Amino acid sequence: MAEPVAPPSPLGAWWLAIRPKTLTVSVAPLIVGHAVAWAQTGFLLWQPALVALLAALLIQIGTNLHNDVGDFERGTDTPDRLGPPRVTAMGWLPAAAVRRAAWLAFALAFNFGIFLVYHGGWPIVVIGLASLLAAWAYTGGPWPLAYTPLGELFVVLFFGLAAVGGSYYLQTLSISPAALLAGVMLGLFAAAVITVNNYRDLETDARAGKRTLAVVVGRRATQGVYALELLLPLLLLPLLAMLAGRGLWLALPLLVLLPALRLLQRFRREAAGPLFNELLASTARLQFIYALLLALAMVV
């Protein structure tokens with residue numbers, strides 16, 4: 001059972017609700033997408049890059065807020081959950097207020113998207129609307145994705161392929177195999193964050209009828225999934241180097257190999273519980289460092 005948590009201030013509750021430690025997951029793929037474009041074109045359009053960053057952050061914030069209230073209403077999140085306290089379940093913020101904030105974030109992202117559509121045309125319409133729909137459908141609608149084994153796949157698609165590929169397209173109005181491969185690599189790291197969350201909550205999710213991938217395949221297989229998500233982006237670096245023409249520079253992200261192995265060891269050794277909250281934050285942090293090293297290897 002979770003330890004009692006002192007209620008935060010109203011501002012502190014909103015800060016917890018947006019889950020700031022997870023926001024790098026939406027920033028990292030944009031950094032990489034723009035870096036790949038910069039490496040291949042020799043220039044960077046700063047205005048669409050910054051607007052895309054703001055839109056991505058708002059979509060992630062809206063998703064987090066919608067997840068907070070959605071899981072509470074479905075009975076998944078309770079005050080006894082092992083993960084970080086959720087503001088709606090703890091009674092720190094009204095469900096209606098959190099839902100309104102989520103829709104406000106989505107609306108602001110849509111407005112920023114209008115500029116991106118003006119710049120990039122109909123492909124950005126498709127990516128933007130699909131991202132907003134997926135953000136709502138993750139814990140909303142009759143078949144929320146977070147309650148199925150498709151959560152990790154959703155993250156690879158939208159926090160990997162769509163984010164990196166869309167960022168690249170905004171800069172070049174084209175797409176490249178290197179950008180798509182980089183999207184898969186960043187998406188796998190982002191999916192590892194979801195895997196940690198679902199592994200920690202396996203028992204409570206199963207009792208609530210939440211059929212995540214961890215619930216379906218069990219703990220031993222989920223350990224293998226996490227290993228694949230951390231190590232495959234490193235194993236794919238030679239292929240990316242060939243596609244992007246960057247040579248040995250793309251060995252730079254291998255600097256995260258030892259930290260990744262340490263996280264994998266902790267994932268297998270520690271009992272699932274509150275200690276996994278720090279492991280989740282460390283996984284998100286590792287993805288961000290990997291993205292920075294990958295971007296640096298591209299533009300140096």
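Residues numbered from 1 in each chain as written. Predicted model: local features only at pLDDT ≥ 70, side-chain atom pairs only at ≥ 80, totals over all residues. Heavy atoms only, no water.

Chemist: What's the story with the overall build of the chain in this structure? I'm lost.
Modeler: Within the chain, the secondary structure is distributed over 13 helices and zero strands. The helix and strand sequence of the chain, counted from the amino end, reads α-α-α-α-α-α-α-α-α-α-α-α-α. Dimensions of the chain, computed from the C-alpha atoms along their principal axes, are close to 55 × 45 × 35 Å. Looking at the chain as a whole, 53% of its 300 residues are labelled buried. Within the chain, residue pairs in contact and separated by at least 24 positions form 78% of the contacts whose partners lie at least 6 positions apart. As presented, the chain carries roughly 13,400 Å² of accessible surface, and 73% of it is formed by carbon and sulfur atoms. Across the chain, the 19 positively charged side chains and the 13 negatively charged ones have centroids separated by 5 Å. (Helix = DSSP H or I, 4+ residues; strand = E, 2+ residues; numbered from the N terminus. Buried < 20%, exposed > 50% of the residue type's maximum accessible area, 1.4 Å probe, protein only. Contact = heavy atoms within 4.5 Å. Areas by Shrake-Rupley, 256 points an atom, 1.4 Å probe, with all protein chains shown as cover. Lys, Arg positive; Asp, Glu negative; His and termini not counted. Charge placed at Lys NZ, Arg CZ, Asp CG, Glu CD.)

Chemist: Looking at this structure, how should I read the environment of Leu293?
Modeler: You can see Leu293 is positioned in helix 13 (residues 275–299). C-alpha separation for the pair Leu293 and Ala251, spaced 42 residues apart in sequence, amounts to 9.3 Å. Filtering out sequence-adjacent residues up to four positions away, Leu293 remains in contact with Leu252, Pro253, Leu255 and Val256.

Chemist: Explain the packing of helix 4 (residues 95–120) against helix 5 (residues 122–137) to me, please; I cannot follow it from the model alone.
Modeler: Angle between the axes and distance between the axes are the two parameters that describe a pair of packed helices. In the contact formed by helix 4 and helix 5, the axes pass within 8 Å of each other and the chain directions differ by 165 degrees. The angle between helix 4 and helix 5 falls in the class roughly antiparallel. For the element pair helix 4 and helix 5, the recorded crossing hand is right-handed. Every residue of helix 5 that contacts helix 4 at Trp103, Phe106, Ala109, Phe110, Leu116, Val117 and Gly120 is listed here: Trp122, Pro123, Ile124, Val125, Leu129, Leu132, Ala135 and Trp136. Taken together, the residues of the contact of helix 4 with helix 5 sort by class into 14 nonpolar, one polar and no charged. (Axes fitted to C-alpha atoms, helices over the stretch in contact; angles between N-to-C directions. Parallel < 35°, antiparallel > 145°, perpendicular 65-115°, else oblique. Left-handed = near helix turned anticlockwise from the far one by under 90°. Nonpolar A, V, L, I, M, F, W, Y, C, P; charged D, E, K, R; others polar.)

Chemist: Quick question: what am I supposed to make of the side chain of Arg266 here?
Modeler: Checked against the element boundaries, Arg266 lands in helix 12 (residues 257–269). Using a relative accessible area of 19% as the deciding quantity, one classes Arg266 as buried. Those residues in contact with Arg266 that sit more than four places away from it in its chain are Glu278, Leu279 and Ser282.

Chemist: Explain the packing of aromatic side chains to me, please; I cannot follow it from the model alone.
Modeler: We describe a pair of aromatic rings using the distance from one ring centre to the other and the angle between the two ring planes. Counting across every chain of the model gives nine aromatic pairs. Judged by centre distance (5.6 Å) and plane angle (75 degrees), the rings of Trp103 and Phe106 are edge-to-face. Of this pair, Trp103 and Phe106 both sit in helix 4, three residues apart, which is roughly one turn of the helix. Given the relative accessible area of 43%, Trp103 is considered partly exposed. (Phe/Tyr/Trp six-rings, centres within 6.5 Å; stacked < 30°, edge-to-face > 60°.)

Chemist: So what exactly am I meant to see when it comes to helix 6 (residues 151–172) here?
Modeler: Given 3.6 residues per turn, any residue in an α-helix points the same way as the ones three and four places further on. Taking 1.5 Å of rise per residue, 22 residues should cover 32 Å, and helix 6 covers 30 Å from first to last C-alpha, within 8% of that figure. Ala162 marks where helix 6 bends most, by close to 30 degrees. Most of helix 6 sits inside the fold, with 18 of its 22 residues counted as buried. Positive phi shows up at Leu173, right after helix 6, with a value of about 55 degrees. (Expected span 1.5 Å × (residues − 1). Bend = angle between axes of the 7 residues up to and from the residue.)

Chemist: Can you walk me through the nonpolar core in this structure?
Modeler: Nonpolar side chains in soluble globular proteins generally cluster together in the buried interior. Residues Val32, Val36, Leu186, Tyr226, Leu240, Tyr290 and Leu294 are the most contacted members of the largest nonpolar core, which totals 58 residues. The element contributing the most residues to this core is helix 7 (residues 177–200), with 15 residues. In contact with Leu240, not counting residues within four places along its chain, are Ala178, Leu181, Ala182, Met185, Gly245, Leu250, Leu294 and Met298. Listed in part, the 21 residues of the second largest apolar core include Ala13, Ile18, Ala95 and Leu132. (Core = buried A, V, L, I, M, F, W, Y, C linked by side-chain atoms within 4.5 Å.)

Chemist: Can you walk me through a nonpolar patch on the surface in this structure?
Modeler: Taken together, the side chains of Trp38, Trp46, Leu50, Trp249, Leu296, Val299 and Val300 present a nonpolar region at the surface, about 720 Å² in accessible area. By secondary structure assignment, the location of Trp249 is in the loop between helix 11 (237–244) and helix 12. Classification of Trp249 as partly exposed rests on a relative accessible area of 47%. (Patch = residues over 30% accessible without salt bridge, like charges linked within 9 Å, V, L, I, M, F, W, Y side chains within 5 Å. Salt bridge = Lys/Arg side-chain N within 4 Å of Asp/Glu carboxyl O.)

Chemist: I tried to follow unusual backbone geometry on my own but got confused; where do I start?
Modeler: You will see that Arg19, though not glycine, has its phi angle at about 55 degrees, which is positive. With respect to the helices and strands, the residue Arg19 is situated in the loop between helix 1 (10–17) and helix 2 (24–41). Notably, Leu173 is not glycine yet its phi reads approximately 55 degrees, a positive angle. When you line up the elements, Leu173 lands in the loop between helix 6 and helix 7.

Chemist: Quick question: what am I supposed to make of the environment of Pro142 here?
Modeler: Of note, Pro142 is situated in the loop between helix 5 and helix 6. Along the primary structure Pro142 and Gly160 are separated by 18 residues, whereas in three dimensions their C-alpha atoms are 25 Å apart.

Chemist: Where do I start with the pattern of salt bridges in this structure?
Modeler: Side-chain pairs of opposite charge can arise where the charged atoms are in close proximity. Inspection of the entire model under this criterion finds four salt bridges. Glu278 is paired through a salt bridge with Arg266; the nearest N and O atoms lie 2.5 Å apart. Remark: Arg266 occurs in helix 12 and Glu278 occurs in helix 13; sequence separation between them is twelve residues. For Glu278, a relative accessible area of 39% gives the class partly exposed. In this structure, a network of salt bridges that share partners links the residues Arg266, Glu278 and Arg285.

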